[in-house]
Structures are given as C-alpha cells and as structure tokens.
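Reading the structure
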Amino acid sequence: MSDKKSNESLRRLPAMHKILNAEKGRELTEQYGRQLVVTAVDEVLDEVRKSLLSLEKKEKTGASLDMVLDRVENHLAGLAQTSLRRVINATGVLLHTNMGRAVLSKKAQEALLVAASGYTNLEYDLERGERGSRYEHVEKLLLRLTKAESALVVNNNAGAVLLAINTLAKGKEAIVSRGELVEIGGSFRVPEVMKLGGAKLVEVGTTNRTHLADYKQAISDDTAAILKVHTSNFRIVGFSKSVERKELLELAHSKELPLIEDLGSGSFLDFSQEEATVFEVIATGVDVVTFSGDKLLGGPQAGILLGKKEYIEAMKKNQLARALRVDKFTLAALEATLLEYLSPEKAMENVPLYRMLNAPVEMLREKAEAIATEVNRGRERIKVIPIPTKAQMGGGSIPGQEFPSYGLDISCEGKSPMELEGHFRSLPIPIIGYIERERYIMDLRTVLPGEEEVIINGIRLAGG
Ligand SMILES: *Cc1c(COP(=O)(O)O)cnc(C)c1O
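Residues numbered from 1 in each chain as written. Predicted model: local features only at pLDDT ≥ 70, side-chain atom pairs only at ≥ 80, totals over all residues. Heavy atoms only, no water.

1. So, the nonpolar core
Grouped together as the largest cluster of nonpolar side chains are 84 residues, with contacts concentrated most on Phe291, Leu297, Leu305, Leu306, Met315 and Tyr341. Considering each element in turn, this core owes the most residues, eight residues, to helix H8 (residues 157-169). Built from parts of two domains, this core gets at least three residues from each of domain 2 (88-95 + 357-462) and domain 3 (106-348). Here leucine 305 is in contact with Ser150, Ala151, Leu152, Val154, Ala160, Leu163, Ala164, Val288, Val289, Thr290, Ile312 and Met315, once residues within four sequence places are set aside. If you look at the next biggest cluster of nonpolar residues, it comprises 26 residues, including Leu364, Ile382, Cys412 and Ile455. (Core = buried A, V, L, I, M, F, W, Y, C linked by side-chain atoms within 4.5 Å. Buried < 20%, exposed > 50% of the residue type's maximum accessible area, 1.4 Å probe, protein only. Helix = DSSP H or I, 4+ residues; strand = E, 2+ residues; numbered from the N terminus. Domains from an automatic or database assignment. Contact = heavy atoms within 4.5 Å.)

What follows is the structure in structure tokens.
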C-alpha cells in the first residue's frame, strides 16, 4: 500500500454519487430501489479494489465508470434472481425428490393462483357466515374417494406417521416388523420417527421374514398399536393383496389394538392386480392409513391420514396437528388434484404424473428421433443418438425398479460426459440428465410438452 501507483488507481475508482447519478445508475435505482443499488455498488467497488490490489503494478489501470456500472447491473440481476428455479427433468425419475416430486395438473396450478392472488374462505363457512375449518375443503372429497370414516391432511407423510404414532402410542409400545424398519426418500427413518413420536419401538421378526406368531408374542399390556410400513416402490412391485394384512388386522383387533399402515407411496388408482389401492386397504378395515400427497396422487407435498373416526378425531385434537398444519396453497392444490380423481380416466389424462407414466415408449422414441434429426443436421461436433432407456417411479423406496423409456445419448467432440453434464446444468433453464457408462443421457419420459425446444437449443449450444 505504500506503493504510490496502487493508491492512485484505487483513488481513481468512481465515487458513489457519480455512479448513482450517471444515467444508467439512475435507471437501476428506478428499477431496483436506491438502497439495494447502493449496497450493490459497495459490493462491486469492494471487489474491484481487491482485484486491483492483487494485480501486478503494470496492469493497474483503475476502473472506468462504465465498467463499474456494467458490473453493478450484472450483480443486481444476480441478486434479483430466485434461487428456486424451473429445471427440466431429463433423469427419467418421475417423482424426483430433489426436483420437487410431482408436477401439478392444470387445475391445481389454477387453484394455487386463486389462493395466492386474493382472500379465500380458508376457515370461513360461507353458508353459515361463521368460522369454518380449513380441513373441510378436502375432507369430504377424501371420504368420497376412499370411503374412509374420517380424514386429516398434514404437511407431509413423515408428519402423518409422526402424528399417528404420537396420538395412539405415546408412552407405550408400537410393534413393527424388522423387515419394515426402512429408510425412505433419503431421510425418513421409521425407528427415528417412532422415537420422536414418543413410542417405544418393539421390533419383531427378521429382515426378510416376519410371521404372525412374531407379532402375537410381542403383544403385551404396554402395546398401543401395530404399525405396517409399505417398503416397496410404487406400482411396480407393490405388496400383494395377501392375507397378511387381514391376518394382522384380525390379530390387532382381537387384542383391541389399532393397526396403522404407512402406505407411503402405495397406489390410489387400480393399475395392477397385485397392488392394493388406498380404497381397498381402507375396505379391509385398517384403522389408520397414511400416504404422501405428491407420491401417491401426483399432487402437492402433503401427508394424508384416513381411518376410523375415533382415531382421526383424536389426532385432530393433538397439538402436534397444529404444528404440522397445511397452508392454503397445499389445500388449494390438493383439492383440485383430488377433484380429478372423481373420474379416474380424467385423472389419467390430466395428472402429469400419470400422463408421463403411461406415455407409450413408441411415442417417446418418435420424440427422441425428431430431436436427433433436428440437431444432427449439419453439425459435426455434436452427435445425438436416440436410445432405449429405463425410467423409474422414484419418490424414494427401493431403487432399481425400472420400466422402459426412450431418450438421447448425447456426445460432443472435445467435451467429456462430465463437461456436457455441466453445460446442460448451467443453461438459463438447466437441463438435468445423467451419466451412465461414460455416456451422457437424457430420458424423455419426464420431459414436459414444450420442453423439447429448450433441449434442442441447449444441445446446439453445447456444439458451439
Ligand atoms: C415417502 C415415504 C414416506 C415419507 O413421506 P413424505 O411425504 O416424503 O414425508 C414415509 N413412508 C413411506 C412408506 C414412504 O414411501
């Protein structure tokens, strides 16, 4: 700092009032407000000062007013950009937890906008002109769709299980099969949730085999509930409609214990003969059923509790329910999603989760070929090959249950798959694919209508 030249170049930095009073400075103040612009100028000048101090003497030239203003403008644009952004999911994982799980139906999107842009009758009974319940908006629909006696919606399924355990088994024992003590979706651990709920976990059986007799032996005067957890992935390898549930239920009821079933990702519509739907599980008489609103319905994140009135009513009165309460946005999106299910054929068409799940491979192959033809034309460096791929339901139980899909194998001369991955991730609308056996792949099953254009442009940019 004793260096004369260095001090000089620092002194030559434009002053705050000059920057603010320049034409562009005034425009930025108009757009962003004075206080934010002043902060941005301070931060940019700080950076310029630091880089001047670290430069060799001969390179020090100071900083022009225009250069500082350009940097301030960029800095402000960066500050004003949201961190939560739209991305294109080209992973082929339909319910990707890292990408927000379900894409909502058009009606659910509209319902969100209505809830966001004005006041609502969230807790106001329009017929009686008095205070109402926020849960009523979805409760009747849930009962109609599942024929359950009672329903309650909370923040997510982890919260639903926590509330059920806390209400029915706090300070008591709850029995779970060792084969069901799983970790789901990265962070939902059955034993941890039981502990948080205040119940003592009693494990029975072994990891791969649990018999009815194991449960029977574990029941004591301290037992308050039996918990059954759905460990397999959605739809593909559902648990069977076996006698197991019925037997367990008979045992529980013979000891006057409730059976709680965490269906997690189970199934709402009847896809396959081997998978029990929520409706069927309720019909067998299970006392409390819980599942996720996003994984199971393709709706918003939510935890849905269905079951016997006495148990669900007790949960509604639990203070924990207040802490796990859903907001108006969740309720708006959930109600609109549930309305789709009044007609299962309509739900198949209108809920993006099902539309993607049911898209014929042939259609995806045609899309892949169209994109490849479009980008391969007249381009030497970049090569796109349509290839069969494997999509997954996701949502976090057992990975590896895959179904046929179609996608793009993208390569570019002079770029490694890692570099390609980085390129697509850094686009204005980031595209997230995956690398498999040294190839960069995009799966088209999870790509939404209209996103093909973004992909085509992104691939062109990769070729330079
Ligand atoms: C996903 C899942 C959960 C956790 O549900 P969230 O809605 O993510 O809280 C719990 N149990 C099972 C069986 C699940 O599949």
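Now that the structure is up, let's keep going.
2. Observations concerning the sheet that holds strand E14 (residues 382-394)
Within the open sheet, the five strands sit side by side as E2-E14-E15-E18-E17. Their pairing is mixed. Of all the strands in the sheet, the pair left with one neighbour each is strand E2 (93-95) and strand E17 (434-436). Sheet twist, expressed as the mean angle between neighbouring strand axes with direction ignored, is 40°. Of the pairings in the sheet, the one linking strand E15 (residues 402-412) to strand E18 (residues 439-443) comprises four bridges and is antiparallel in character. Paired with glycine 407 across the bridge in E18 is aspartate 443. Most of the contacts of helix H21 (residues 451-462) go to E15, to which it runs at about 35°, and overall it touches E14, E15 and E18. (Pairing = 2+ DSSP bridges. Axes fitted to C-alpha atoms, helices over the stretch in contact; angles between N-to-C directions.)

3. A look at the environment of aspartate 42
Its location among the elements puts aspartate 42 in helix H4 (residues 34-54). On the basis of relative accessible area, aspartate 42 is assigned to the partly exposed category, the value being 42%. Once the C-alpha coordinates of aspartate 42 and valine 72 are considered, the two residues, 30 residues apart in sequence, prove to be 9.2 Å apart.

4. Regarding the packing of aromatic side chains
Inspection of the entire model under this criterion finds four aromatic pairs. Ring geometry for phenylalanine 268 and tyrosine 341: centres 5.1 Å apart, planes at 80°, overall edge-to-face. Remark: tyrosine 341 occurs in the loop between helix H16 (328-340) and helix H17 (344-350) and phenylalanine 268 occurs in the loop between strand E11 (259-264) and helix H12 (278-283); sequence separation between them is 73 residues. When the centroid spacing of 5.2 Å and the interplanar angle of 10° are considered together, the rings of phenylalanine 424 and tyrosine 440 count as stacked. With a gap of 16 residues between them, phenylalanine 424 in helix H20 (residues 417-425) and tyrosine 440 in strand E18 connect regions that are remote in the sequence. The pair phenylalanine 424 / tyrosine 440 is uniform in exposure class, with both members buried. Connected via pairs of aromatic rings, a cluster forms that spans Phe268, Phe291, Tyr341 and Tyr354. (Phe/Tyr/Trp six-rings, centres within 6.5 Å; stacked < 30°, edge-to-face > 60°.)

5. Brief notes about the site of the ligand
In the vicinity of the ligand, 13 residues are found, and the nearest of them are Arg101, Ala158, Asp262, Ser292 and Lys295. Between the ligand and serine 292, the relevant distance is 2.7 Å, taken from an oxygen atom to a side-chain nitrogen or oxygen of the residue. Against a free-state accessible area of 390 Å², the protein chains account for coverage of 95% of the ligand. Only H8 and E11 provide two or more residues apiece to the shell around the ligand. Partitioning the shell around the ligand into residue classes produces three nonpolar, seven polar and three charged. (Near = heavy atom within 4 Å. Polar contact = N/O pair within 3.5 Å; in protein donor to acceptor, adjacent residues only side chain to side chain. Areas by Shrake-Rupley, 256 points an atom, 1.4 Å probe, with all protein chains shown as cover. Nonpolar A, V, L, I, M, F, W, Y, C, P; charged D, E, K, R; others polar.)

6. What about the pattern of salt bridges?
It is possible for side chains bearing opposite charge to pair when their charged atoms get close. According to the stated counting rule, one finds 27 salt bridges in the structure shown. Residue glutamate 362 is joined to arginine 365 by a salt bridge in which the shortest nitrogen-to-oxygen separation is 2.5 Å. With glutamate 362 and arginine 365 both in helix H19 (residues 361-376) and three residues apart, the pair spans about one turn of that helix. Of the residues examined, arginine 365 reaches a relative accessible area of 25% and is grouped as partly exposed. Where glutamate 421 meets arginine 425, a salt bridge forms, and the shortest distance between an N and an O atom there is 3.0 Å. Residue glutamate 421 and its partner arginine 425 are both found in helix H20; the two are separated by four residues, about one turn of the helix. If you follow the salt bridges from partner to partner, you end up with Glu123, Arg131, Arg134 and Arg325 in one network. (Salt bridge = Lys/Arg side-chain N within 4 Å of Asp/Glu carboxyl O.)

7. Let's talk about unusual backbone geometry
Note: most peptide bonds trans; most residues except glycine with negative phi. Non-glycine residue arginine 101 carries a positive phi angle of around 55°. Relative to the elements of secondary structure, arginine 101 occurs in the loop between E2 and helix H6 (106-117). On the accessibility criterion, arginine 101 (19% relative accessible area) is buried. The backbone of lysine 147 sits at a positive phi, close to 60°, despite the residue not being glycine.

8. Thoughts on the packing of helix H3 (residues 23-32) against H4
Where H3 contacts H4, the two axes come as close as 7 Å, and the packing angle between them is 125°. Classified by the angle their axes make, H3 and H4 are oblique. In this structure, H3 uses Leu28, Thr29 and Tyr32 to contact H4, whose residues at the interface are Arg34, Leu36 and Val37. Of the residues contributing to the contact of H3 with H4, the split by class is four nonpolar, one polar and one charged. (Parallel < 35°, antiparallel > 145°, perpendicular 65-115°, else oblique.)

9. A closer look at the domain arrangement of the protein
Splitting the protein by domain gives domain 1 (3-80), domain 2 (88-95 + 357-462) and domain 3 (106-348). One C-alpha centre belongs to domain 2, the other to domain 3, and the line joining them spans 35 Å.

10. A look at the pairing of E11
Among the six residues of E11, six are classified as buried, and the element is accordingly described as predominantly covered. What you see with E11 is no split at all: Leu259, Glu261 and Leu263 on one side and Ile260, Asp262 and Gly264 on the other are buried throughout. Looking at chain direction, E11 and strand E12 (residues 288-292) are connected through four bridges and run parallel. Bridge pairing in E12 links aspartate 262 to threonine 290.

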